[in-house]
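If you want the building blocks of each chain, they are given just below.
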Amino acid sequence: MRLPRAFSSCLAVALCGLAWAASGPANAQAYPNKPITLVVAYPPGGSTDLTGRALGVELSHRLGVPVIIDNVGGAGGAIGAQKVANAAPDGYTLLAGASNEVAINRLVNSNVKYEPKDFTPIGLIASQPLVLVAAPGAGVKNTGEFLALLKKNPGKYSYGSSGVGTSLHLAGEMLKQQGGVFMTHVPYRGVAPLTNDLLGGNIDFGVFVLSSALPYIRSGKMVALGTTEARRSAITPDLPALSESPSLKGLDIGVWFALLGPAKLPEPVLARLKTALNETLQSPDFRKKMEATSSVVPTSNVDIDKFLVTETAKYKTIVKFANIKE
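Parameters and conventions
- Residues numbered from 1 in each chain as written.
- Predicted model: local features only at pLDDT ≥ 70, side-chain atom pairs only at ≥ 80, totals over all residues.
- Heavy atoms only, no water.
- Helix = DSSP H or I, 4+ residues; strand = E, 2+ residues; numbered from the N terminus.
- Buried < 20%, exposed > 50% of the residue type's maximum accessible area, 1.4 Å probe, protein only.
- Areas by Shrake-Rupley, 256 points an atom, 1.4 Å probe, with all protein chains shown as cover.
- Contact = heavy atoms within 4.5 Å.
- Phe/Tyr/Trp six-rings, centres within 6.5 Å; stacked < 30°, edge-to-face > 60°.
- Lys NZ or Arg CZ within 6 Å of the ring centre and 35° of its normal.
- Expected span 1.5 Å × (residues − 1).
- Salt bridge = Lys/Arg side-chain N within 4 Å of Asp/Glu carboxyl O.
- Core = buried A, V, L, I, M, F, W, Y, C linked by side-chain atoms within 4.5 Å.
- pLDDT = per-residue confidence, 0-100.
- Pairing = 2+ DSSP bridges.
- Right-handed = clockwise from strand over helix to strand, strands pointing away.

Caption draft 1: Examining the overall build of the protein more closely. When helices and strands are counted, the protein shows 11 helices and 9 strands. The principal-axis extent of the C-alpha atoms belonging to the protein is close to 100 × 40 × 30 Å. Residues classed as buried in the protein amount to 49% of the 326 residues present. Accessible surface, the protein as shown: approximately 15300 Å² in total, 56% of it carbon and sulfur.

In structure tokens, the structure reads:
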């Protein structure tokens, strides 16, 4: 029997709709079915790169596809972050991002065009404190002596960081705000020149990522005055936190690493990635790798959306206080 043309058209549309509905869950279940690119917004060798590479190995095991590290350095991480923000929201381009490019850059640099809404947060990977250090010739050995010296000599001393608008810079300004002291900020083009000047006695104080300063602290070439998170780091329980000083009790800032994708990741893809990340965070091998870089993996699930809002608000307050612009 020959069907009327109009009926045939309606039937075809209905069958196509059923086919699409049936294939939707199957396609979601198929993710991932090709290599994933994990963007690290810095050159190889730094703490973000080490974190990204360790994460990539674990995600590859759990997702069953290769995870390729793509180092896209430049502009304090903004170029790599922008690449992910512009990527298709299919779960095949992700960002192993640090606090700088994820939350700070856009607050201090008007040339950064991406915003939080341009990303889908997947989860927190790890965090690492910063540490305030002194050159041996500075003549101070603890937080109390440091604060007393600065209050007695306002404006005489300087501290160095790895650049304007970095987490290290913000930590120094937060310390000044909380402690009611003044130091001149000296921005360096990276950690290496800052290290050289501090070891050479050309600057008295510096803020470092813990992993960068720890070898010099242990060898006695730098004096650790305190770490910058609210509590002592599990990596260095012998080093006091700056917040243990009554005038710095509100000091809490560090470097953190998070996994993000482009905005509007499909829910099945996001769920798959969250599961793989949570399994990774429970891996003893991954935790050991992070500890080797002086980073600590969260012991419980962190509400990443709430975390990013809180951290960004904190950075915004510091940037406004210090009038930081790049």
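Caption draft 2: Molecular detail of helix H4 (residues 99–108). Taking burial as the measure, the 10 residues of H4 include 8 buried ones, the bulk of the element. For H4, the full list of buried residues reads Ser 99, Asn 100, Glu 101, Val 102, Ala 103, Ile 104, Asn 105 and Val 108. Its buried side turned inward, H4 meets helix H3 (78–86), strand S3 (93–98), helix H6 (167–179), strand S9 (254–262) and helix H11 (304–322).

Caption draft 3: Local environment of the packing of aromatic side chains. With the rule as written, the count across this model stands at 5 aromatic pairs. Each ring, one from Tyr 31 and one from Tyr 92, has its centre 5.2 Å from the other, and the planes form 65°; the classification is edge-to-face. Residue Tyr 31 is located in the loop between helix H1 (5–30) and strand S1 (36–40), and its partner Tyr 92 is located in the loop between H3 and S3; the two are separated by 61 residues in the primary sequence. Tyr 31 sits in the buried class, given a relative accessible area of 5%. Given a relative accessible area of 12%, Tyr 92 falls into the buried group. Judged by centre distance (5.0 Å) and plane angle (75°), the rings of Phe 146 and Phe 205 are edge-to-face. Note that Phe 146 is positioned in helix H5 (residues 143–152) and Phe 205 in strand S7 (residues 205–209), a separation of 59 residues in sequence. Phe 205 matches Phe 146 in its accessibility class, with the two residues each being buried. When the ring centre of Tyr 92 is taken as reference, the NZ or CZ atom of Lys 34 above it lies at 4.6 Å.

Caption draft 4: Region of the structure containing H6. Here H6 contains 13 residues, and its C-alpha end-to-end distance of 18 Å stays within 8% of the 18 Å for a straight helix at 1.5 Å per residue. Counting buried residues along H6, 11 of its 13 residues qualify, which places the element largely inside the surrounding structure. All buried positions along H6 are accounted for by Ser 167, Leu 168, His 169, Leu 170, Ala 171, Gly 172, Glu 173, Met 174, Leu 175, Lys 176 and Gly 179. After H6 finishes, the residue Gly 180 shows a positive phi value of roughly 65°.

Caption draft 5: Looking closely at the pattern of salt bridges. Going through the model one piece at a time under the given rule, you end up with 9 salt bridges. Among the ionic pairs, Lys 314 bridges to Glu 311, the shortest N-O distance being 3.0 Å. Placement of both Lys 314 and Glu 311 in helix H11 is noted, with a separation of 3 residues, approximately one turn of the helix. Take Lys 314 and Glu 311: they sit in the same class, and that class is buried.

Caption draft 6: Up close: the nonpolar core. Residues Phe 146, Phe 205, Trp 256 and Leu 259 are the most contacted members of the largest nonpolar core, which totals 82 residues. At 8 residues, the largest contribution of residues to this core is made by strand S4 (residues 119–134). Of all hydrophobic cores here, the second largest spans 15 residues; its members include Ala 135, Leu 194, Ala 213 and Leu 239.

Caption draft 7: Here's a closer look at the environment of Leu 147. Within the secondary structure, Leu 147 is located in helix H5. Those residues in contact with Leu 147 that sit more than four places away from it in its chain are Val 181, Ser 245, Ser 247 and Leu 248.

Caption draft 8: View of unusual backbone geometry. The omega angle of the peptide bond from Tyr 31 to Pro 32 is -5°, so this bond is cis rather than trans. In this structure, Pro 32 sits in the loop between H1 and S1. Notably, Lys 264 is not glycine yet its phi reads approximately 65°, a positive angle. The residue Lys 264 is located in the loop between S9 and helix H9 (267–281) in this model.

Caption draft 9: Spatial organisation of the confidence of the model for the protein. Looking at the protein as a whole, its pLDDT mean stands at 91, while 91% of the residues score no less than 70. Throughout residues 1–26 the model reports pLDDT below 50, and contacts reaching past four residues in sequence, or to other chains, amount to 1 contact.

Caption draft 10: Highlighting the pairing of strand S6 (residues 184–187). Bridge count between strand S5 (residues 158–161) and S6: 4 bridges; the pairing is parallel. When the sheet's bridge partners are listed, Ser 158 is paired in S6 with Thr 184. Once the chain exits S5 it traverses H6 before rejoining the sheet at S6, and the crossover so formed is right-handed.

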